[in-house]
Amino acid sequence: MSARIKICGLFRMEDIAYANEVKPDYVGFVFAKSRRQVNREMAAKMRKALAPGILAAGVFVDAPCEEIVECLEEGLIDLVQLHGKETEADIRYLRAVTGKPVIKAVRPACAKEVQAWLDSEADYLLFDSGAGSGTTFDWSLLEGVNREYFLAGGLHEGNLPGAIRNLAPFAVDLSSGVETKGVKDLEKMRTAVRLARAEI
C-alpha cells in the first residue's frame, strides 16, 4: 500500500530545487499568515521553476474567493487548499468558477466533526491537527471514512509507514516533518517520498 505525497510550505527557491529532485505529487504554497508565507510574486517565480508533473496547491485561510480565483487564473497554483471557516457555498463557487480541485482542511476533535464533513463537495478533505502545529491527532477518529482524503499533522519518517498502512489515505501531507531548523531538508524530503511510495 502506498500514498501520494504533498510537501507543503515551500518558500525558498532551494525548496523548489529539492522538490524537483525528489518529485512529490504535490507541493504547497502558503498564502496565509505563516513563517512559510509567500506572496504572489514569489509564488509565480517558484511555480515557473517547478518541474512539470508536480501540482502546486495554494493554502488559504478565510481569503476572499476572488483572490483565490486570481491565483488560479494566473497559473500560480493548480488546486486550492482551504484551512479556515470556508463554507460549502465557497467550495461550490470556487469549483464552478475555476474548474479546479478544492481541498478542505478539517481539524477533527471528535468523530462527529469528521462525519459532518464527509458529504462535502470538496474534491478532497484534509484531516489535520492544526495549522502547522507539527503534532498528530487521534487517528482513530478516521475509522470508517470511505472517501479519499489527505492526512496531515505531525507526519515524519518515523510514523509515515504506519499511517499509510493503517489508514490508507489518498495522500499524506508533510511540512515540518521534512524540515531541519525550520527549513526544508533534502534528505528528509527524499526519505518521505520514498516511504510514501513504498508498497508497505
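Placed above this text is the structure.
Conventions we followed
Residues numbered from 1 in each chain as written. Predicted model: local features only at pLDDT ≥ 70, side-chain atom pairs only at ≥ 80, totals over all residues. Heavy atoms only, no water. Helix = DSSP H or I, 4+ residues; strand = E, 2+ residues; numbered from the N terminus. Rg over C-alpha atoms; globule rule 2.2 N^0.38 Å. Buried < 20%, exposed > 50% of the residue type's maximum accessible area, 1.4 Å probe, protein only. Contact = heavy atoms within 4.5 Å. Areas by Shrake-Rupley, 256 points an atom, 1.4 Å probe, with all protein chains shown as cover. Lys, Arg positive; Asp, Glu negative; His and termini not counted. Charge placed at Lys NZ, Arg CZ, Asp CG, Glu CD. Arc of directions from axis to C-beta. Phe/Tyr/Trp six-rings, centres within 6.5 Å; stacked < 30°, edge-to-face > 60°. Lys NZ or Arg CZ within 6 Å of the ring centre and 35° of its normal. Pairing = 2+ DSSP bridges. Axes fitted to C-alpha atoms, helices over the stretch in contact; angles between N-to-C directions.

Draft legend 1. Structural detail: the overall build of the protein chain. Scanning the protein chain from N- to C-terminus turns up seven helices and 10 strands. The C-alpha atoms of the protein chain give 16 Å as radius of gyration, which agrees with the globular expectation for 200 residues (16 Å, within 12%). By principal-axis analysis of the C-alpha atoms, the protein chain measures approximately 40 × 40 × 25 Å. Residues counted as buried form 53% of the 200 residues belonging to the protein chain. Sequence separation of 24 or more characterises 54% of the internal contacts of the protein chain that already satisfy a separation of 6 or more. When the accessible surface of the protein chain is summed, it comes to about 9200 Å², and 49% of that surface belongs to carbon and sulfur atoms. Side-chain charges of the protein chain comprise 26 positive and 29 negative groups, with the mean position of each set lying 4 Å from the other.

Draft legend 2. How the structure looks around helix α3 (residues 65–73). For α3, the complete set of buried residues consists of Cys65, Ile68, Val69, Cys71 and Leu72. One face of α3 carries all of its buried residues, which in axial projection span an arc of 160°. Close packing links the buried residues of α3 with α2 (40–49), β3 (55–60), β4 (79–82) and α4 (88–98). Positive backbone phi, approximately 75°, marks glycine 75, located one or two places after α3.

Draft legend 3. Here's a closer look at the packing of aromatic side chains. Tallied over the full model, the rule gives six aromatic pairs. Taken together, a centroid distance of 5.4 Å and an interplanar angle of 75° make the contact between tyrosine 124 and phenylalanine 150 edge-to-face. In this pair, tyrosine 124 is assigned in strand β6 (residues 124–127) and phenylalanine 150 in strand β7 (residues 149–152), connecting sequence segments 26 residues apart. Residue tyrosine 124 shares its accessibility class with phenylalanine 150, and that shared class is buried. Relative to tyrosine 149, the ring of phenylalanine 127 has its centre 5.4 Å away and its plane inclined at 75°; by these criteria the two rings are edge-to-face. Separated by 22 residues along the polypeptide, phenylalanine 127 in strand β6 and tyrosine 149 in strand β7 bring together distant segments of the chain. Aromatic ring contacts, followed pair by pair, group Tyr26, Tyr124, Phe150 and Phe170 into a single cluster. When the ring centre of tryptophan 117 is taken as reference, the NZ or CZ atom of lysine 104 above it lies at 5.1 Å.

Draft legend 4. The arrangement of the pairing of strand β8 (residues 171–174) in detail. Every second residue of β8 is oriented toward a common face, with Ala171 and Asp173 on one face and Val172 and Leu174 on the other, all of them buried. Bridge count for strand β1 (residues 4–8) against β8 is four bridges, and the pairing is parallel. Within β8, the residue paired with isoleucine 7 across the bridge is leucine 174. Looking at chain direction, β7 and β8 are connected through three bridges and run parallel.

Draft legend 5. Quick look at the sheet that holds β8. Spatial strand order, β1-β2-β3-β4-β5-β6-β7-β8: eight strands in a closed barrel with parallel pairing. Neighbour-to-neighbour, the strand axes of this sheet turn through a mean angle of 25°, independent of strand direction. Sitting on the sheet, helix α7 (residues 186–197) is in contact with β1 and β8, with an inclination near 155° to β1.

Any functional reading would require information that these geometric values do not contain.
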